[in-house]
Each structure stands twice: as C-alpha cells, then as structure tokens.
Amino acid sequence: MNNEELKAYIESNYASLMTFCESGKYDLWFEVKADNLVRVCQKLKDDPELLIDYFCNLGGVDTTENFEAVYNLASSKKKIRIDLKVVLPHENPSVDSVQTIWPAANWYEREMWELYGIQVNNHDNLTRFLLPDDWDQGYPMRKDWDAPDFIRFPDL
Amino acid sequence: MGIIKKLPVYSEKIPGGAIVTTSVEQVLNFAQAKSLWYLLFGTACCAIELMCTGASRYDFDRLGMIFRASPRQADLIIAAGTITKKMAPRLRTLYDQMAEPRYVIAMGGCTIKGGPFYYDSYSVEKGIEHIIPVDVFIPGCPPRPESLLEGCLTLQKQIQQRKLGDWQEK
C-alpha cells in the first residue's frame, strides 16, 4: 500500500476520527482529537489492512500557542508508516496513555511528561528518569522555560 | 625533555653502595609526582583523546600515569567530558572516595565552563569547579594528547613544588 492508497483508505474508513493534516516528505500526517486517541490507536492496530504494530517514536512540540504530541507509527507486516498528531491546549495539557496498545510507549510518555509537562493519563509509572530526582525547575523543553545558570551567547 | 630535575641529595660512596641524604619532602613529592594513577572517568568525547594518550603513540605510562578502575587506588581524576547535573553527585562521591593527597584535572571545555555546545543546556553542569576543587584546567574541544601531557606535567610540577603537609589543609 503506497501513500496515496493509504490516504484514500484512511479517508474513507476513518473520516470521523482522523483528519489529513499535511504530507511530509515521507509519511502521511493525520490529526487526531485527544479524546479519540486511544480508540484510534486500537483501531489502527486491529485493522487487518493496516496492522500498525510498531510504535517508533513519540515527540512533543511546543508551538507557544499549544502543545502537540506526535506519534510515529509503523506496520512491520504491511510496510507502512503513519504519523498522528494530537493538538493540546497550552494550559493543563493532558493526553491518554497508549501503553496498553504498544508497551513501548511507556518510556516515551514518561519522557514527554518530564520534559514538556504534558500530563499522561492512565500511565502506570509516571516518574522521572532523565532529569535529576530532585528537579523542581519546571519543564526544560518548553519554549518559555529559562534556566538561572544559562550562559548567554553575546549579541554580535 | 628536561622535566626530571635532579633531586637535591647528598650522596657518599661507601664500599658496596652509597649513602644518600635528602629530605622527606623531596622524596615524597618526587614519588607522588611520578606515580599519578588516574581514575578512569571519561564521560564524553574527551575520553577518546584520553584513551589515545594512554595508547602506544603518546604512551602515558612513561610519566607514571597508570589508569585505575577504582577511586580507592587513584590519586587523580581526569574529568574527561561533559558532566551533567545528574552525574555531578556521582563525581563528588568518587572524589570523596579517593585517598588523599588527591588531584583533579578538568579536561576540555565542558568541564571548565559548560563547553562550547552546552552553555545553554538545562542538563549540563556549568563547570566542575563548584563540585570538586580543580588543580589544572586543560582547554580544548577536545584537547589534543599533547595538551593533556602538558597538563599532567604542569600538575607534576605543582606537586614537586609543594611543601610537606600542604595537602592536609585542603
């Protein structure tokens, strides 16, 4: 299944759940509502035409207006890749955990929670593992974050 | 290289050998300066240069520098590489476990002031000087083995100029 067929398939079968967002150079990119995320993921995994069984990556994005969680998914059997994007509000962002579908999501979600402050609901072990244990200086990957010990690069 | 200075000794030949008279300070400083065993503590790319210095081309051993895997056996930490905020307490623990007299060489830009790439990073300690006292700084990113040899020779000179009991005040 190439990208055009995949796009047509998803637009005909998942029209109410996934919105085609933008086609990058390689992967198709769909926007999913935060409430539908777990349902969509479960459906994508169980769909016999797609069989999305591989959780590649989970990234956080801070666009200063809102947060985005970007899921890079793939199927090892059907040889397809697909990206999901969930747009979250800038105040109290929260997203449901998908670790019941792909256990690999566990650490990625912890990392996103730790560095972006995106709350992950229904996560079984939301604890720090990258930052120091006694870290209390906020979420360092946010755009508005600032550290007291930054060494400013001089204006040239 | 002219680095091995003659010890101020008085030597008198006797049948079957010689009697050597010198000061305890001289002997201790000489022995400690020429047998600096360093702790294996490479955290980033500076460690590659440290390994290169230890290998046959630059031959660290000829200065009496032998790597040790345990801080209990080491006299010197060569902090080779970026020290993150999470690594900083571990570095302090390793330093505390070493027997005195103990020395620290800060190798590379990261250990001096957070480095040329990590000066605005949330995770990197901006210099190890406020974790452990540093004797010699070696700038570079990473410093070449010649720089590291120069730094070690500088440390050896410092040790040989030391008065007896100086290290107890640290």
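Because the structure is a prediction, the values reported are computed rather than measured.

(A) Molecular detail of the overall build of chain B. Within chain B one finds 5 helices and 7 strands. The N-to-C order of helical and strand elements in chain B reads β-β-α-β-α-β-β-α-β-α-β-α. When each of the 170 residues of chain B is scored for burial, the buried share is 39%. Considering only contacts within chain B whose residues lie at least 6 apart along the sequence, 76% involve residues at least 24 apart. Carbon and sulfur atoms provide 58% of the accessible area of chain B, an area that totals close to 9,200 Å². Side-chain charges in chain B split into 20 positive and 16 negative, and the spacing between the mean points of these groups amounts to 2 Å.

(B) Structural context of the overall build of chain A. When helices and strands are tallied, chain A shows 3 helices and 7 strands. Start at the N end of chain A and walk to the C end: the helices and strands fall as α-β-β-α-β-β-β-β-α-β. The burial tally for chain A puts 44% of its 156 residues in the buried class. Counting contacts in chain A only where the partners sit at least 6 residues apart, residues at least 24 apart contribute 49% of the total.

(C) The arrangement of the packing of aromatic side chains in detail. Residues and elements named next belong to chain A. Enumeration according to the criterion identifies 9 aromatic pairs over all chains in this entry. The interplanar angle of 80° and the centroid separation of 6.1 Å between the aromatic rings of F55 and Y71 together place this pair among those described as edge-to-face. Residue F55 is found in strand β3 (residues 54–62), and its partner Y71 is found in strand β4 (residues 66–75); the two are separated by 16 residues along the sequence. In this structure, F55 and Y71 share a single accessibility class: buried.

(D) Highlighting the pairing of β3(A). All names here are of chain A. The sheet contact formed by β3 and β4 spans 8 bridges and is antiparallel. Directly across from N57, in β4, lies its bridge partner N72. Count of turn residues in the β3/β4 antiparallel hairpin: 3 residues, of which T64 carries a positive phi of about 70°.

Analysis parameters
Residues numbered from 1 in each chain as written. Chains lettered and ligands numbered in written order. Predicted model: local features only at pLDDT ≥ 70, side-chain atom pairs only at ≥ 80, totals over all residues. Heavy atoms only, no water. Helix = DSSP H or I, 4+ residues; strand = E, 2+ residues; numbered from the N terminus. Buried < 20%, exposed > 50% of the residue type's maximum accessible area, 1.4 Å probe, protein only. Contact = heavy atoms within 4.5 Å. Areas by Shrake-Rupley, 256 points an atom, 1.4 Å probe, with all protein chains shown as cover. Lys, Arg positive; Asp, Glu negative; His and termini not counted. Charge placed at Lys NZ, Arg CZ, Asp CG, Glu CD. Phe/Tyr/Trp six-rings, centres within 6.5 Å; stacked < 30°, edge-to-face > 60°. Pairing = 2+ DSSP bridges.

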